[in-house]
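# Close look at the chain arrangement
Take a look at the letters that make up each chain.
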Amino acid sequence: MKLAFSTLGVPGLPVTDVLSLATAHGYHGIELRAHPEEPVHSGLTPTERADVAAEFKAAGVEILGLGGYAKVAAPCDDEIVLTEVRALLELARDLGAPCVRVFPGGTAEQSPEEADATAARRLGTAAEYAADLGVRILLETHDSHRTGADAMRILGLVGHRQVGALWDMMHTWLGGEQPAETFAALSPHLGYVQVKDIASPDDTTPLALGAGILPLTECVEVLSRHGWDGWLCWEYEKRWYPDAAALPDLLGPGREHLARLLNDSA
């Protein structure tokens, strides 16, 4: 498995500095948070996009995906969501990123069936555009669809190879799913896995990997046992928890912890 981290852990940090952190600490990939408050977002000009792609290529670091914020089940006009997803897909194409992340985003005013159908309809439409661009859309286990079983209700309706799953292990665990259950549900569609650690279900402040209660060991063991060789991406949610420890100081020990888990599970 290959190791990456998300720029959610280093809010606003210039791309050059992100790449320096990656190379200094042995990470081979970066998940770029694609948001207007970050250096990389869909408002970049063609020249700016080319510059970002060139920086990554020169550093020998891959962009494993773009973390977008489109909510595919949200109760609104389809075109609002599809316009956001298309812009994200175009940015991914221009940067050479293989995939983009979207959220479910269903609300209490919808029935589960309505949210599933809405998300599937939009993802099915967006999938055709994604295929033309050579980019994949990954639905994250999050918010209204936090478990693998929840996500599969949508993915099963879509049935398109350009639409897959992003496994956020915190949300599946908080949803009551064990790693083996999540992998069984998502494995045919799995793009990559976000790893993290927290103190408790009631305190989701990010911690150093291995310092909390999330089943990191079991997650890596399940992936290893099934021969999965994709990305493990550390999503340290510093942006939402400004008082959390700074990620740069944790990157080295975090990579070592993941390497130990991978070695032990081999």
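Structure's up top.
Report on the accompanying structure. (Residues numbered from 1 in each chain as written. Predicted model: local features only at pLDDT ≥ 70, side-chain atom pairs only at ≥ 80, totals over all residues. Heavy atoms only, no water.)

The next point concerns the packing of aromatic side chains. Summed over all chains, the structure comprises three aromatic pairs. Here the aromatic rings of Phe5 and Tyr27 are separated by 5.3 Å at their centres, their planes lie at 85°, and the arrangement is edge-to-face. Placement of the pair is Phe5 in strand β1 (residues 2-6) and Tyr27 in the loop between α1 (15-25) and β2 (29-33), with a sequence separation of 22 residues. For the pair Phe5 and Tyr27, a shared accessibility class is recorded, and that class is buried. Ring geometry for Tyr69 against Phe103: centres 5.8 Å apart, planes inclined by 75°, an arrangement best described as edge-to-face. Of this pair, Tyr69 sits in strand β3 (residues 62-71) while Phe103 sits in strand β4 (residues 99-103), and the two are 34 residues apart along the sequence. (Phe/Tyr/Trp six-rings, centres within 6.5 Å; stacked < 30°, edge-to-face > 60°. Helix = DSSP H or I, 4+ residues; strand = E, 2+ residues; numbered from the N terminus. Buried < 20%, exposed > 50% of the residue type's maximum accessible area, 1.4 Å probe, protein only.)

Looking now at helix α9 (residues 248-265). The end-to-end C-alpha distance of α9, which contains 18 residues, comes to 26 Å, matching closely the 26 Å that a straight helix rising 1.5 Å per residue would cover. Turning to α9, its buried residues are Leu250, Leu251, Gly252, Gly254, His257, Leu258, Leu261, Leu262 and Ser265. Residues of α9 that are buried make contact with β1, α1, β7 (190-195), α8 (216-225) and β8 (231-234). (Expected span 1.5 Å × (residues − 1). Contact = heavy atoms within 4.5 Å.)

Turning our attention to the state of the cysteines. Going through the model one piece at a time under the given rule, you end up with zero disulfides. Cysteine Cys99 remains unbridged, with the sulfur of Cys233 as its closest cysteine sulfur at 9.8 Å. Given a relative accessible area of 7%, Cys99 falls into the buried group. For Cys233, a relative accessible area of 0% gives the class buried. (Disulfide = S-S within 2.5 Å.)

It is worth spelling out the environment of Leu190 at this point. Turning to its location among the elements, Leu190 is positioned in strand β7. Residues Leu190 and Ala151, spaced 39 residues apart in sequence, show a C-alpha to C-alpha distance of 11 Å. Other than its neighbours up to four places away in sequence, Leu190 contacts Arg136, Ala165, Trp167, Phe183, Leu223 and Trp228.

Quick look at the sheet that holds β8 now. Note: strands within a sheet are paired through backbone hydrogen bonds, in either parallel or antiparallel orientation. On the basis of which strands lie adjacent, the closed barrel formed by eight strands has the order β1-β2-β3-β4-β5-β6-β7-β8 and parallel pairing. Taking the axes of each pair of neighbouring strands and ignoring which way they run, one obtains an average angle of 30° across the sheet. By the bridge criterion, four bridges tie β4 to strand β5 (residues 136-140) in an arrangement that is parallel. Note that in β5 the partner of Val102 across the bridge is Leu139. Those strands touched by helix α5 (residues 148-158) are β5 and β6 (163-168), and its axis lies near 170° from that of β6. Contacts from α9 reach β1, β7 and β8, with the element oriented near 145° to β8. (Pairing = 2+ DSSP bridges. Axes fitted to C-alpha atoms, helices over the stretch in contact; angles between N-to-C directions.)

Within this structure, the stated rule accounts for 14 salt bridges. Among the ionic pairs, Asp150 bridges to Arg153, the shortest N-O distance being 3.0 Å. In this pair, Asp150 and Arg153 both sit in helix α5, three residues apart, roughly one turn of the helix. You can call Arg153 partly exposed: its relative accessible area is 33%. (Salt bridge = Lys/Arg side-chain N within 4 Å of Asp/Glu carboxyl O.)

Read these as geometric descriptors, not functional statements.
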